[in-house]
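Overview (structure and organization)
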Amino acid sequence: MMTMSHSATIGAEAHAAPKAKTRNLSLDRARTFLTLVVLLHHAVIPYTYFGHTDPKFFFGFDMIVLATDSFFMAMFFFLSGLFAWSGIARKGPLNYLADRLLRLGLPFVICAFTIIPLAYYAISLRHHPEIGFSEYWWNMVTKGPWPSGPIWFLWVLLGFDVVACILHRLSPTLLDPINRLSLHGRRRPAVFFAVMLAVTAAFYVPGLMYYGPGNWFEFGPFSVQHGRVMLYASYFFFGAGIGVANMDRGLLAADGRMAKVSWDWMVLTIVPYCLLWGLIFIKREILGNPSPLPNWYEGLYAICFAVFSVAIMFLILAFFQRFRQSGSAKLLDPMQADAYGMFLVHYPIALWLQYWLFDYDLPAIVKATIGFVLTVAFSWALTRALRQIPGATRVL
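Below: a short report on this structure. (Residues numbered from 1 in each chain as written. Predicted model: local features only at pLDDT ≥ 70, side-chain atom pairs only at ≥ 80, totals over all residues. Heavy atoms only, no water.)

**Some remarks on the pairing of strand β1 (residues 216–219)**
Examined bridge by bridge, β1 and strand β2 (residues 222–225) share 4 bridges and lie antiparallel to one another. When the bridges of β2 are listed, E218 appears paired with S223. Between the antiparallel neighbours β1 and β2 lie 2 residues, among them G220 with a positive phi of about 60°. (Pairing = 2+ DSSP bridges. Helix = DSSP H or I, 4+ residues; strand = E, 2+ residues; numbered from the N terminus.)

**Looking at helix α5 (residues 84–91)**
Three or four residues apart is the spacing at which side chains of an α-helix point the same way, because the helix has 3.6 residues per turn. Of the positions making up α5, those classed as buried are A84, W85, S86, G87 and I88. Buried-residue contacts for α5 involve α4 (72–81), α6 (93–113), α9 (152–170) and α12 (229–242). The first or second residue beyond α5 is G92, which carries a positive phi of 90°. (Buried < 20%, exposed > 50% of the residue type's maximum accessible area, 1.4 Å probe, protein only. Contact = heavy atoms within 4.5 Å.)

**Remarks on unusual backbone geometry**
For residues that are not glycine, phi is negative in most cases, and the peptide bond is trans in most cases. In the segment running from G144 into P145, the intervening peptide bond is cis, with an omega of -5°. Secondary-structure assignment places P145 in the loop between α8 (133–142) and α9. Of the consecutive residues S291 and P292, the connecting peptide bond is found in the cis state with omega at 0°. Of note in the backbone geometry, N246 takes a positive phi value of approximately 55° without being a glycine. Relative to the helices and strands, N246 is located in the loop between α12 and α13 (262–286).

**A look at a nonpolar patch on the surface**
A cluster of nonpolar residues, Y49, F57, F59 and M63, forms a patch on the protein surface that exposes about 400 Å² of accessible area. Mapped onto the secondary structure, Y49 falls in the loop between α2 (25–44) and α3 (59–69). When its relative accessible area of 47% is taken as the criterion, Y49 is described as partly exposed. (Patch = residues over 30% accessible without salt bridge, like charges linked within 9 Å, V, L, I, M, F, W, Y side chains within 5 Å. Areas by Shrake-Rupley, 256 points an atom, 1.4 Å probe, with all protein chains shown as cover. Salt bridge = Lys/Arg side-chain N within 4 Å of Asp/Glu carboxyl O.)

**So, the environment of A112**
Relative to the helices and strands, A112 is located in helix α6. Residues contacting A112, with those up to four places away along its chain left out, are P117, W146, I151 and P221.

**Some words on the state of the cysteines**
In a disulfide, the sulfur atoms of two cysteines are held together by a covalent bond. Evaluation of the coordinates by the stated rule reveals 0 disulfides. Unpaired in terms of disulfides, C274 finds its nearest cysteine sulfur in C304, a separation of 10 Å. Judged by its relative accessible area of 48%, C274 falls in the partly exposed class. (Disulfide = S-S within 2.5 Å.)

**Quick notes on the nonpolar core**
The biggest cluster of nonpolar side chains holds 115 residues, and the ones touching the most others in it are F77, F78 and F314. Looking at this core element by element, the count peaks at 18 residues for helix α14 (residues 295–322). (Core = buried A, V, L, I, M, F, W, Y, C linked by side-chain atoms within 4.5 Å.)

**Comments concerning the environment of G227**
Mapped onto the fold, G227 is located in the loop between β2 and α12. Each C-alpha atom, one on G227 and one on F217, is 9.6 Å from the other, the two residues being 10 residues apart in sequence. Excluding residues within four positions of it along the chain, G227 makes contact with Y204, G207, L208 and Y211.

Following this line, the structure appears as structure tokens:
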């Protein structure tokens, strides 16, 4: 009697009618943890060399910002992608996009006209205290610039969802190779790591060298770093490939090998991170902060960035996989349902707290700690209150 081949079995399972899935506790905790990382990132930026908008300064915050900026948004795209392909297959492209418009498009529009002007008005008051909020809001919307703050993530993710729907319509099997690689990665995660690193580096390194690190596309509230668009896309579609089918039996399986080699991911994270600091020292102390930077420098920096970004994502995922059954996440678990809302509303809270703390003669660590703790508390409380509005939980 003939037996079906292994690859054929994968294909059949991948494109059967998707079943309803239970929540993955480790992924929920990783996503909530990343939300807290975003709030921490915005709480410490004023006290860094890079974003030195407060008279107080602490070098340790530069270490935090370099690390967070190098991975957290890419990892958000990866986690979002995990449920994209299976969601399209289950709901159909049009229904899936309708849900994403409600979940991403509507918050983007609302935040662009309310949250973002309110946040940046705190910065404007330092330079133009005579301008009232209504005048500031009108100038931002009609004349610009109209910064997007952290909500740029929403429209870019929606764009990736649209592309995913088109690709799924053209070929539902398009991401099967990534899914097979994920199944193989249950036993050999290093292979998946190597392939993902090669692909993401191939997209990121040329983009950084061509556009530079600070070049942004900007059109009204729509903005994104030119050099990182394809990096984010590659993370999203690697996640989508893992989520095609059998996610609980692939790279992210609770009993997979990835969670058992966390020390390896630790080394792969620390080494490129230290090299990034070495390159920053060379840029500042030896090259004298030239603009533009030499191509060899941009290339080396981009390679170290790509290695660190993938490695720290694997490290975080491995950590939460290893402790997925642990009852110790007393903050992350209660916060999980509110994490998305906290991401949306936290920015004006963070900036107004920094505005309030500016004139106090306190150490940078104290200011940042107060700002972070209160940003978490106020954004969590506000999200809880907003989610009590009928129908709000469909968006938040």
